[in-house]
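The lines below spell out each chain.
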Amino acid sequence: MVAYFGMFLIIGIAVILGVMLTGLSGIIGPKRPQEEKYMAYESGMDPVGTAQERFSVKFYMIAMLFILFDIEVVFMYPWAVQYKELLKFGWFPFLEMLTFIVILFVGYIYVYKKGGLDWD
Amino acid sequence: MNFNPGDIVNFSVMVAPILFLLAVGLMLMLMDVLKAHSSMPLIAGLGLIGAGVLAVLPEKISSMQAFYGMIEVGNIAPLNIVFLCLSGVFTIFFLPDYLKRQDKPIYEVYTLLIFAIIGMIMMANASDLLITFIGLETFSIALYVFAALFKKEETSNEAGLKYFLLGAFASAFLLLGISLLYGLTGYTNLNDIAANASKLTDNPALFFTSIGLFIIGFLFKVSAFPFHNWTPDVYSGTPTPLAGFMATGSKMAAFIALGTVLIKLNFTQYDKLVNVLALAAILSMIYGNVVAVRQKNLKRLLAYSSIAHTGYVLLGLCAGKAGFVAVIFYMFIYTIMNIGAFGLVGIAERTLADTDMDKWKGLGIKAPYFAAAMSLFLFSMAGIPPFAGFMSKYQVFIAAIGSGQILLAVIGILTSVIAAFYYIYLIVIMYFGKNESPEVSPRFDWTTGLGVGLLAVLILLLGIFPSLVLQPLLQYMSGSISAVAAAF
Amino acid sequence: MSNTVLSLIVLLPLAGAALIGLTGFLNERFRHQEKLIGLIATSAVAIPFFIILAAFLQFTSGHGEHHDAIRFSIIPWIETAGIKINFSYHLDQLSLLMGMIVTGIGSLIHIYSIAYMHHDKGFYKFFLYLNLFIFAMLNLILGDNMAVLFLGWEGVGVCSYLLIGFWYEDMEKAKAAQKAFVANRIGDFAMIGAMFMIFGQVHSLNFADINASAGSLGDNAFWITLLLFIAATGKSAQIPLYVWLPDAMAGPTPVSALIHAATMVTSGIYLIARMHPVFNVPAAEPVLIVIAVVAAATAILAALIAIAQNDIKKVLAYSTVSQLGFMFMALGAGAYTTAIFHVMTHAFFKACLFLGSGSVIHAMHHYFDETHEHKDPQDIRFMGGLKKYMPATGMTFWISTLAIAGIPGLSGFFSKDEILANTFFSGFDHGSIYFIVWLVGTITACLTAFYMTRLTYLTFFGEARYKTDKHHPHESSPLMTIPLWILGILAVVGGYLGLPAGVFGHNAHILNHTWFHGLINNRDLEHTMHEHIALEYGLLVLAIAIAVGVVYFAYNFYAKNGLEGDEKVKKVFGSMYKWMENKFYVDEFYEKTILKPFVWAGDNIVVWFDKNIIDGVINGSASATAAVGDVIRRMQTGYVAHYALIISIGVVIIIGYLILG
């Protein structure tokens, strides 16, 4: 059990944080109700309806870009966790990650300049 | 294995051409958004040539893998890089002019072209089936975008969607084949699989299923019968020079990859596998050539002819190790003449407002250089000496006969008579057809002129001196054949 | 002679073509300097002729000694693991003789063409193609391996194709060129097949190796020789592939003389003579009979057609097909040297006849231009009495006609008699079918004498069938008549190289007994001939009687009846004449039986496939049309699903076969 203590701690903190944040904003936040705000997805999607409905391709763009950049972070976690261990190889691990980030960054500039992040 | 940064540095040097192309691709992306459009074709072309030079710069090395057995960098691999890069270079000659004529300033093509070639190189030179698959998907995605490049045009949309759906379908078979091979042997590395060949035949049904699915995945990519039916629709919807690239570069990479894997598995000892390939070859040659006879649309005609050419290459592949040089040689020659033919159709397309064959009537007199160049490519595709197309067919037939596939060679020879008919028919139309309505005739600008000139010279040069390509191929190859032999 | 000098034989025509082509391409003014172009082109062929002549003299010096072939090579060509082929050539007795014919007659025709093509807008292109043709032809006859021969084989085809369509204003000429091309392709693929089979057996394409190991081919020799013969029928216009040659007359007349009479069309005969050891293998004996029968059929068919033609070039064209038939009859009888002998004599008189006809057409063309008449300058019904205005052309044409008809003392007599004698005597030992071949050949010889005399009479003798009050046709320039005279003289004396051995003794036949001795081994008939020496005298007398009798008869017949004579001929042949006039409807037959079904299959099967299998349930629109409106419909109705279905079926079949098969 002791071995899993950290895990239970994280679950606990997550639950407390979640309940606390939503609860607090519900209690002290200002309330200006609108129809859209009561919908399941606030971004304007109608959650009930036919499956063949057409909706904007922009959702896919955003979703795809999100996944793309989100997945990259997954590669960085293990690297960051192991970084101390990797230090015995000198600057090499750092340069490796730097290269990775530079490639990502070029992609980011490309997306940004092409207007991939603009909604309109 | 012990991790060592020195290894990574060494490996990076080994795959320098790929890394270089990656850098060029990223640079092109930046140039695109920074509006430095005009020099993008030049940078892309120089980048590809640079990668080719980097590939052959090191001393010739015998079989050696980078990244712990993932990718082959010795043997024939450097030449594969050169050939694939050249297919890109040839295409670039025709792209700027075509996009300008079509009034579509789409500059992503150059970036995508570079990334597609990276994918092709990875697939062709892979020594691990996972890399094969990743490479295949990398260039396939670029090709899907090529097909759908003109997103406002229905034909282009149709082409893109069809290619994507069917391509995904076929990829699934390929992936299933790879998984089953992994299941049988516990490896995805080709050399490991080859070393554990005994495990493969423990369960013959599963073995044949896995390798069969693997072959099917590639037969789709090279548009062999019966997996050919997307070809005419996709090629006729794809922007013309890119269709030329699709029909050559990707097929060359797929043939090299398929050939490498099959030869490593020593497939000629399984008659059934040879029979499947032989049957696909026969049917592709017959179907492609017969249907092409009645085509009036040039892009569809070239599409069907490309199915037929696939048949000829498969014929060489049936010969196993001995035919592999012929396969690569054939694909390289086909690359030269097909990109040339598609390029010329692309030039004429806008001027004549159509790709209909009848529009080409009388071009022999109105645009003599244009018609002469087209005739040269067509003669070569028909396999008439002294053009290179003859030499490539000759090599393939010799290989097939050498391995005892006499029937295949005979059918190949007979179907190429039919092929001669429709290629010559277009020449007859150009030179002897009466042109009713005088229109503007297609002209070269300096890039297309240079490209066509270069390709035409190559066709003639390699037709007379095929050794210029065959000799290096044999020299580079000689290592790999003995290496394969040693693996068993 | 050094390798360099010998290389010039092949390289000079290529250099000439390159020089004319490049300069003409770059420099507009050069294209009109006709004399310069003519000089370059002619010397590019004449110099090789003199080099070959020198080699020839070297061969003839030293009496009766055996000379090895002179070999030279230019560059290596294909060197891969399995095969090594070089651009290497050899000059032996056979290729020397052919080389002299090609470059000698080639030079004369180059000179002739300078005048004939005067003021043509494609002047430089014409000479460029002619030089290229000579280059290709020299590769064909001098190459010491099948690959180089094949390169030349294809090259002459391409040049012929270019020159037939040289005046490409109308679709007719274009179709002629395409027909020539397709017919030749069929022959070419037989050739490739033969090459592959030979390579599979001998592992070499060198003639020396192939001929040396001919004996080891066994039963394969049957297929190899059959394929080689099919290849030869394409290039040398035999049944069933002869139809392209008469249509090829659409090209300029010097081309007809050079390519379609003297040189290219005889390459099939050269090929068989070159590879005769393979034909001498016992397994190939049936093929020789096939050759003889096909040749006899071709000879008589073409001769019958020639009787009913009125176009001067068409008559000569069918006459060429018929004479080529004679050459193949000789090959079929195993008398290879005899065939080559006839190639040589035929080259002399037929080139002379064609050039003469060119001179006539040239004159008539100018005449009709002057009188503003719109008549066909090639139609002999508008000619007659031309001897008066064109003495040189008329004289040489008449000599050559007598030569081809087989009048004793002229070249055609010796070669044709030798062919008929060889077929006849083959009948004793090699199957009595040769007697029938001989009979058909003899009848053809009668027909030949008849239609050639008719042609000459209607063109040059009798009354003029055009007005001569103000204008009349003129003799051509010396540039055209000098080559005619040279060829005319050769047509007279060329036969003395091969006097009949049976009559004049063993050594009289210079070609067989001195020149080709040890190189070409004919099927041995000497013994049979000796046994029936009286018969040989009989045949000789018969040949003389036929030639003299028929020429005498035909001359008087047309002198008495004029053009009306044709009506009487028509009565003699009855309903067959209509068939002869229409070339036995062979073209129509081919169109209906070969082209039509092919097109029908293309139209119906493929469209059916498209409609029912590919388009499937959709409204049946053929996918080939791909109209834009269609595209949307197709996308919405799951066209792709059909494709996926076909792919799935393919997968099931393949995997099923692999697991269960």
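Caption draft 1: View of the overall build of chain B. Across its full length, chain B holds 21 helices and two strands. When the 488 residues of chain B are sorted by exposure, 62% land in the buried category. Within chain B, counting contacts between residues at least 6 apart in sequence, those at least 24 apart form 78% of the total.

Caption draft 2: How the structure looks around the overall build of chain C. Along its length, chain C carries 28 helices and two strands. When each of the 661 residues of chain C is scored for burial, the buried share is 53%. Sequence-distant contacts, at least 24 apart, represent 79% of the contacts inside chain C between residues at least 6 apart.

Caption draft 3: Here's a closer look at helix H8 (residues 220–235) of chain C. All names here are of chain C. Compared with an ideal rise of 1.5 Å per residue, which puts 16 residues at 22 Å, H8 spans 23 Å between its outermost C-alpha atoms and is within 8% of the ideal. In terms of burial, H8 is a largely internal element, 12 of the 16 residues being buried. Every buried residue belonging to H8 is among Ala221, Ile224, Thr225, Leu227, Leu228, Phe229, Ile230, Ala231, Ala232, Thr233, Gly234 and Lys235, and all of these are buried. Downstream of H8 by a residue or two, Ala237 has a phi angle that is positive, lying close to 55°.

Caption draft 4: Molecular detail of the interface of chain B and chain C. In this complex, chain B contributes 47 residues to the contact, which on the side of chain C involves 44 residues. Residue assignment for the side of chain B that touches chain C shows that the elements contributing at least two residues are helix H7 (154–185), helix H10 (204–221), helix H11 (230–237), helix H13 (271–293), helix H18 (388–402), helix H19 (406–432) and helix H21 (467–487) of chain B. Grouping the amino acids of the side of chain B that touches chain C by side-chain chemistry returns 32 nonpolar, eight polar and seven charged.

Caption draft 5: Focus on the interface of chain B and chain A. Counting residues at the interface gives five residues for chain B, matched by eight residues for chain A. Counting residues per element, the side of chain B that touches chain A draws most heavily on helix H2 (residues 16–33) of chain B, which supplies four residues. Classifying every residue of the side of chain B that touches chain A by side-chain character gives five nonpolar, no polar and no charged.

Caption draft 6: Structural detail: helix H15 (residues 321–351) of chain B. All names here are of chain B. Compared with an ideal rise of 1.5 Å per residue, which puts 31 residues at 45 Å, H15 spans 46 Å between its outermost C-alpha atoms and is within 8% of the ideal. In terms of burial, H15 is a largely internal element, 27 of the 31 residues being buried. Phi for Ala353, located one or two positions after H15, is positive at around 65°.

Caption draft 7: Representation of the environment of Leu162(C) within the structure. All names here are of chain C. Considering the arrangement of structural elements, one finds Leu162 in helix H5 (residues 146–164). With 20 C-beta atoms counted inside 10 Å, the residue Leu162 sits in the buried group. Distance from Leu162 to Tyr129, taken between C-alpha atoms, is 7.5 Å for residues 33 residues apart in sequence.

Caption draft 8: View of the packing of H2(B) against helix H5 (residues 108–125) of chain B. Residues and elements named next belong to chain B. Contact pair H2 / H5: the axes reach a minimum separation of 8 Å and the direction vectors enclose 165°. Here H5 runs roughly antiparallel to H2, going by the angle between their axes. The interaxial crossing formed by H2 with H5 has left-handed handedness. Across the interface between the two elements, Ile18, Leu21, Leu22, Val24, Gly25, Leu28, Met29 and Asp32 from H2 touch Glu108, Tyr110, Thr111, Ile114, Phe115, Ile117, Ile118, Ile121 and Met122 from H5.

Caption draft 9: Here's a closer look at the packing of H15(B) against helix H17 (residues 368–382) of chain B. Residue and element names in this part refer to chain B. In the contact formed by H15 and H17, the axes pass within 9 Å of each other and the chain directions differ by 145°. Crossing of H15 over H17 shows left-handed handedness. Taken together, the residues of H17 that come into contact with H15 (itself represented by Met337, Gly340, Ala341 and Leu344) are Phe370, Ala373, Met374, Phe377, Ser380 and Met381. Classifying every residue of the contact of H15 with H17 by side-chain character gives eight nonpolar, two polar and no charged.

Caption draft 10: Representation of the nonpolar core in the model. The biggest cluster of nonpolar side chains holds 427 residues, and the ones touching the most others in it are Ile117(B), Cys318(B), Met329(C) and Ala351(C). At 20 residues, the largest contribution of residues to this core is made by H15(B). Leaving out residues up to four positions away in the same chain, Met329(C) has contacts with Ala292(C), Ala295(C), Ala296(C), Ala299(C), Ile419(C), Thr423(C), Val437(C) and Gly441(C).

Caption draft 11: Here's a closer look at unusual backbone geometry. With an omega dihedral of 0°, the bond running from Phe225(B) to Pro226(B) counts as a cis peptide bond. Within the element layout of this structure, Pro226(B) appears in the loop between H10 and H11. Ile239(C) connects to Pro240(C) through a cis peptide bond whose omega is 5°. With respect to the secondary-structure elements, Pro240(C) resides in the loop between H8 and helix H9 (244–247). The phi angle at Lys35(B) is positive, at roughly 65°, despite the residue not being glycine. Note on placement: Lys35(B) falls in the loop between H2 and helix H3 (40–56). A positive phi is found at Phe67(B), a non-glycine position, where the angle reads about 55°. Position of Phe67(B) relative to the elements: it lies in the loop between strand S1 (65–66) and strand S2 (71–72).

Caption draft 12: Main features of the confidence of the model for chain C. Looking at chain C, the pLDDT average stands at 83 and 89% of residues meet or exceed 70. The low-confidence segment residues 613–638 of chain C, where pLDDT is below 50, has 32 contacts with residues more than four positions distant or belonging to other chains.

Caption draft 13: Structural context of the environment of Ser478(B). With respect to the helices and strands, Ser478(B) occurs in helix H21. Distance from Ser478(B) to Ile76(B), taken between C-alpha atoms, is 8.7 Å for residues 402 residues apart in sequence.

Caption draft 14: Broad picture of the confidence of the model for chain B. All names here are of chain B. Of all residues in chain B, 96% attain a pLDDT of 70 or more, and the chain-wide mean is 88. Per-element averaging of pLDDT across chain B places H21 at the bottom with 65 and H5 at the top with 95. Per-residue pLDDT stays below 50 along residues 480–488; that stretch engages in 12 contacts with residues further than four places along the chain or on separate chains.

Criteria and thresholds
Residues numbered from 1 in each chain as written. Chains lettered and ligands numbered in written order. Predicted model: local features only at pLDDT ≥ 70, side-chain atom pairs only at ≥ 80, totals over all residues. Helix = DSSP H or I, 4+ residues; strand = E, 2+ residues; numbered from the N terminus. Buried ≥ 20, exposed ≤ 12 C-beta atoms within 10 Å, placed from the backbone. Contact = placed C-beta atoms within 7 Å. Expected span 1.5 Å × (residues − 1). Nonpolar A, V, L, I, M, F, W, Y, C, P; charged D, E, K, R; others polar. Axes fitted to C-alpha atoms, helices over the stretch in contact; angles between N-to-C directions. Parallel < 35°, antiparallel > 145°, perpendicular 65-115°, else oblique. Left-handed = near helix turned anticlockwise from the far one by under 90°. Core = buried A, V, L, I, M, F, W, Y, C linked by C-beta atoms within 7 Å. pLDDT = per-residue confidence, 0-100.

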